[in-house]
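Inside the fold
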Amino acid sequence: MGLFSIKKKAPFEPAVEDLSAVYGADSHIDASEFETVGTDAGNMESIVRPSISFWKDALSRVRRSKVAMVCLVILLILIVGAIFIPMFSPYSISEQDVTFTHKPPFSTNPITGGLHIFGTDTLGRDIFVRIWYGARISLTVAVAVALIDCFLGVVYGGISGYFGGKLDNVMMRILEVISGIPYLMIVMLLMVVLDRGLGTIILAYSITGWTGMARLVRGQVMSLKEQEFLVAAQAMGAKPSRIIARHLVPNLLSVIIVNITLDIPSIIFTEAFLSMLGLGIAPPESSWGIMANEGIQVFQTYPTELVFPAVFICLTMLSFNLLGDQLRDAFDPKLRS
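How each quantity is defined
- The residue count restarts for each chain, going from 1 along the sequence in the order it is written.
- With pLDDT at 70 or above as the cut-off, local features in this predicted model cover only qualifying residues; side-chain atom pairs require 80 or more to be listed or tallied, and sums for whole chains, interfaces and linings still use all residues.
- Only hydrogens and water are removed before side-chain values are computed, so all heavy atoms of the structure are retained for them.
- Any residue with relative accessible area above 30% and no salt bridge may belong to a patch, with like charges joined within 9 Å and the nonpolar Val, Leu, Ile, Met, Phe, Trp and Tyr side chains within 5 Å.
- Accessible areas in this description were obtained via Shrake-Rupley with a 1.4 Å probe; residue shielding takes into account the shown protein chains only.
- Put simply, a salt bridge is a Lys or Arg side-chain nitrogen that is within 4 Å of an Asp or Glu carboxyl oxygen.
- Secondary structure elements are taken from DSSP: a helix is a run of H or I of four residues or more, a strand is a run of E of two residues or more, and numbering for both begins at the N terminus.
- Burial classes: relative accessible area under 20% of the type maximum marks a residue as buried, over 50% as exposed, and values in between as partly exposed (1.4 Å probe, protein chains only).
- Here the axes come from fitting lines to C-alpha atoms, over the contacting stretch only for helices, and the angles between their N-to-C directions go from 0 to 180 degrees.
- Here roughly perpendicular refers to angles of 65 to 115 degrees, roughly parallel to angles under 35, roughly antiparallel to angles over 145, and oblique to all remaining angles.
- The hand of a helix crossing depends on one turn: near helix anticlockwise from the far one by less than a right angle means left-handed, and clockwise means right-handed.
- Only heavy atoms enter the contact rule, under which two residues are in contact if any of them lie within 4.5 Å.
- To pair, rings of Phe, Tyr and Trp, with the six-membered ring standing in for Trp, must have centres within 6.5 Å; the planes then decide the type, stacked if under 30 degrees apart, edge-to-face if over 60, and tilted in the middle.
- Nonpolar core, defined: a set of buried Ala, Val, Leu, Ile, Met, Phe, Trp, Tyr and Cys residues in which side-chain atoms within 4.5 Å join the residues together.
- A helix's residues, less one, multiplied by 1.5 Å, set its expected span.
- To obtain the arc, one takes the directions from the helix axis to the C-beta atoms.

A separate point is a nonpolar patch on the surface. There is a patch of nonpolar side chains on the surface, built from Leu 76, Ile 79, Val 80, Ile 83, Phe 84, Met 87 and Phe 88 and spanning about 700 Å² of accessible area. Of note, Phe 84 is situated in helix α3 (residues 66-88). In this structure Phe 84 comes out as partly exposed when scored by relative accessible area, which is 40%.

Right, dumping it as structure tokens:
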């Protein structure tokens, strides 16, 4: 049956459904007032919305987000500066000048003629180059720990969630025991056995830091393993390792990426906290935590020595947190339009 539309009608004439009320119940509507429109067979198969993949749609929404782009620019500047500024700076992180200590920003040494953009600290070291070297340490620790936690958590949680049953019960009890060990106690024990340094911090945090990722991946796998595409893969004889690597992990990538982005700020803060306690990087190496600890001691007299590392710590953590929030919204299928 074709579709109908009004062919002609005077401007003052009421709508078709009101004609019976105007002319009476027995009024007759002339069929010539209507014409058959029918269906447009040529446009029935047309695609109104362009077909794009899930990843392209998510990335396009990230690019449209001003907050995400600003955070990416800030993080890119931090990464580039942490790599190149210590390399090309005329000062080193351990170079001391006891005749030029506690100087304010943009101070010029009258003897050497060198400019100190962020001033100097209690030993006459350039704060600017130490800030950027501290960024290198903090970002290295954060990225390395995040990747290790991601690998261990995905493997452990994927196996536990996919096989389930008694194996899942045993693995989850082991996970609870590991997550119950205080992280600070592990760091202190490792500091007794190993030397203070970058590797010790990464190892200490990686021992317990992967448990949150494992729980997240386990829950996602348990919800995905009942889907039709996994049942079809099992029916075709695919091995569990192939199902986890080829089917489950790709569907978990969005959740994993968002979780890594949100974990990095806590890792940066933990590294700074340990350095302030004297359990982090050993001097003369520089980190934001060490600089903050030194700045606290002279904060009332020289506040800029604490302000600069604190600002960099806050800016980096805020950028990662806001970027993680934007990625979580971009990867949410419910928000696709």
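We now examine the packing of helix α5 (residues 165-179) against helix α8 (residues 211-224). Contact geometry for α5 and α8: axes closest at 10 Å, N-to-C directions at 150°. By the angle class used here, α5 and α8 are roughly antiparallel. The handedness of the crossing between α5 and α8 is left-handed. Where α5 approaches α8, its residues Asp 168, Met 172, Leu 175, Glu 176, Ile 178 and Ser 179 are matched on the opposing element by Thr 211, Ala 214, Arg 215 and Arg 218.

Bringing the packing of aromatic side chains into the picture now. On inspection of all chains with the given rule, the structure shows nine aromatic pairs. With a centroid separation of 5.1 Å and 80° between ring planes, the pair formed by Phe 118 and Phe 128 is classed as edge-to-face. With Phe 118 in the loop between β4 (115-116) and α4 (127-163) and Phe 128 in helix α4, this pair connects stretches of sequence that are 10 residues apart. Judged by its relative accessible area of 18%, Phe 128 is buried. On the basis of an interplanar angle of 85° and a centroid distance of 5.2 Å, the ring pair of Tyr 162 and Phe 163 is categorised as edge-to-face.

Looking now at the nonpolar core. Ranked by size, the top nonpolar core spans 65 residues in total, and within it Ile 131 and Leu 248 carry the most contacts. For this core, the leading source of residues is α4, giving 15 residues. In this structure Ile 131 touches Phe 118, Trp 288, Met 291, Phe 308, Pro 309 and Phe 312, once residues within four positions along its chain are discounted. Listed in part, the six residues of the second largest apolar core include Tyr 156, Met 172, Trp 210 and Ala 214.

An ideal rise of 1.5 Å per residue puts 21 Å on 15 residues; α5 measures up with 21 Å between its terminal C-alpha atoms. Those residues of α5 lying buried are Asp 168, Met 171, Met 172 and Leu 175. Across the axial projection of α5, the buried residues extend over an arc of 100°, all falling on one side. For α5, the exposed residues lying more than 90 degrees away from the buried face are Lys 166 and Val 177. Packed against the buried residues of α5 are α4 and α8.

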